[in-house]
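So the chains spell out like this:
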Amino acid sequence: AGIVLVSYIFRKQIFGAFSSSSAFKNKVVKLANQELSRWQDGGIKEGDTRTINALRSYWAAVGWQNRSDYAKINEAWSAAFISYLMKKAGAGSDFKYSASHSKYIVDSIKNRKKNSGSFQGFKPSEIKVGVGDLIGRPRQGSVTYDTTGSYKSHTDLVVSIKNDTVKMIGGNVGNSVKATYVKLGKNGKISPTEINKRNYHVVIKNLK
């Protein structure tokens, strides 16, 4: 029985990255789509009375519930948005909730190098993209896949893949919650053209 359990865990970690769905992935994608609808896919901007309560909830996920609404609106809230989705969907202690994307990006890369954890960060050139994954890019120079510490960055959640097009949802995109799209190559990985154009440096596989 022990051998069977170990085999199952190993297969989930290695091959689970390519599974189409899980209860957690379905929930986090559903939540992201609900937020996209709430913000009318970029049509409503931060500070609007229709979405201020949502913004408060995003920040509460990273411990900012007691800060002013002014700070919640004017501080970059994209990582708080992703943290909110993960926490509400039930990621528990598997995800490093933070106001900085680099916190959970760096943690996911550590997990990948140890082959452990439910969120593992791969180079975009080495892994297929799946629904529920996060795709990340730096927002400052001299950042690579192996950069550690804190740095400016951004991630979006993959919510669907149709043919060779990935639909992602992110927070604080154009001061709103908005969908963006990226092209895949025939191998299911982000195309080299897209990687170079958008400077993607990590795909965080959702193995939960």
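This text goes with the structure placed above it.
The shown structure was predicted, so the numbers you read here are calculated from the model rather than taken from an experiment. (Residues numbered from 1 in each chain as written. Predicted model: local features only at pLDDT ≥ 70, side-chain atom pairs only at ≥ 80, totals over all residues. Heavy atoms only, no water.)

### Topic: the packing of aromatic side chains
We apply this condition: Ring pairs are drawn from Phe, Tyr and Trp, using the six-membered ring of Trp, whenever the two centres fall within 6.5 Å, and their geometry is named by plane angle: stacked under 30 degrees, edge-to-face over 60, tilted for the rest. Here a helix means four or more residues in a row that DSSP labels H or I, a strand means two or more in a row labelled E, and each is numbered from the N terminus. Under the scheme applied here, a residue whose accessible area is under 20% of the maximum for its type counts as buried, over 50% as exposed, and between as partly exposed, the area being computed with a 1.4 Å probe on protein chains only. Each ring is checked for a lysine NZ or an arginine CZ that lies within 6 Å of its centre and within 35 degrees of its normal; such an atom marks a charge sitting over the ring.
Inspection of every chain in the model, using the stated rule, returns nine aromatic pairs. Ring geometry for Tyr-58 versus Phe-81: centroids 5.2 Å apart, planes at 85 degrees, classification edge-to-face. Linking Tyr-58 in helix H3 (residues 52-60) with Phe-81 in helix H5 (residues 78-89), this pair joins segments that are 23 residues apart in sequence. Given a relative accessible area of 0%, Tyr-58 falls into the buried group. Judged by centre distance (4.0 Å) and plane angle (15 degrees), the rings of Trp-59 and Trp-64 are stacked. Grouping residues by exposure puts Trp-59 and Trp-64 together as buried. One aromatic cluster is present, built from ring pairs that chain together Phe-24, Phe-95, Tyr-97, Tyr-104 and Phe-119. Residue placement shows Arg-67 over the ring face of Trp-64; its charged tip is 3.8 Å from the ring centre.

### What about the side chain of Ser-83?
To keep things clear, this is the line we draw: Any two residues having at least one pair of non-hydrogen atoms within 4.5 Å are treated as being in contact.
When you line up the elements, Ser-83 lands in helix H5. With sequence-adjacent residues up to four places away left out, Ser-83 is seen in contact with Ala-61, Val-62, Phe-95, Tyr-97, Ser-98 and Tyr-104.

### Structural notes on H5
The condition that has to hold: Every helix has an expected span of 1.5 Å times one less than the residues it contains.
Relative to the 16 Å expected for twelve residues at 1.5 Å per residue, H5 spans 17 Å between its end C-alpha atoms, a close match to the ideal helical length. The element H5 is extensively covered by neighbouring structure, given that ten of its twelve residues are classed as buried. Taken from the residues just after H5, Gly-90 is the one with a positive phi, measuring 105 degrees.

### Re the packing of helix H2 (residues 23-38) against H5
The test is simple: Whenever a helix is involved, its axis is fitted only over the stretch in contact; in every case the axis is a line through C-alpha atoms, and angles between N-to-C directions fall within 0 to 180 degrees. Each angle gets one of four labels, with under 35 degrees taken as roughly parallel, over 145 as roughly antiparallel, 65 to 115 as roughly perpendicular, and the rest as oblique. Here a crossing is called left-handed whenever its near helix is offset anticlockwise from the far helix by less than a right angle, and right-handed whenever the offset is clockwise. All residues other than Ala, Val, Leu, Ile, Met, Phe, Trp, Tyr, Cys, Pro, Asp, Glu, Lys and Arg, Gly among them, are scored as polar; the first ten of these are nonpolar and the last four charged.
Where H2 contacts H5, the two axes come as close as 9 Å, and the packing angle between them is 135 degrees. Looking at the two axes, H2 sits oblique to H5. Regarding H2 and H5, the two cross each other, and that crossing is right-handed. Every residue of H5 that contacts H2 at Phe-24, Lys-27, Val-28, Leu-31, Ala-32 and Glu-35 is listed here: Phe-81, Tyr-84, Leu-85, Met-86, Lys-88 and Ala-89. For the contact of H2 with H5, the class distribution of residues is nine nonpolar, no polar and three charged.

### Re H3
Under the convention used in this document: The arc refers to the directions leading from the helix axis to the C-beta atoms.
Within the sequence span of H3, burial applies to Ile-52, Ala-54, Leu-55, Tyr-58 and Trp-59. The buried residues of H3 occupy an angular sector of 155 degrees when projected down its axis, which confines them to one face.

### Points about the side chain of His-154
By secondary structure assignment, the location of His-154 is in strand E3 (residues 153-162). With relative accessibility at 5%, the residue His-154 sits in the buried group. His-154 has contacts with Ser-78, His-101, Ile-135, Gly-136, Arg-137, Arg-139, Gly-171 and Val-173, leaving out every residue within four places of it along the chain.

### Focus on the sheet that holds strand E6 (residues 202-206)
Our working definition: Pairs of strands are assigned from DSSP output, requiring at least two bridges between the strands.
Taking strand neighbours across the sheet as the criterion, the six strands line up as E1-E6-E2-E3-E4-E5 in an open arrangement whose pairing is antiparallel. In this open sheet, the two strands that pair with only one neighbour each are strand E1 (119-122) and strand E5 (177-183). Recorded for the sheet is a direction-independent mean angle of 30 degrees between the axes of neighbouring strands. Sheet analysis places E1 next to E6, joined by four bridges and oriented antiparallel. Note on E6: the bridge partner recorded for Phe-122 is Val-203. Set on the sheet, H2 makes contact with E1, E3, strand E4 (165-171), E5 and E6; between it and E3 the angle comes to about 105 degrees.

Nothing here speaks to function; it is geometry throughout.
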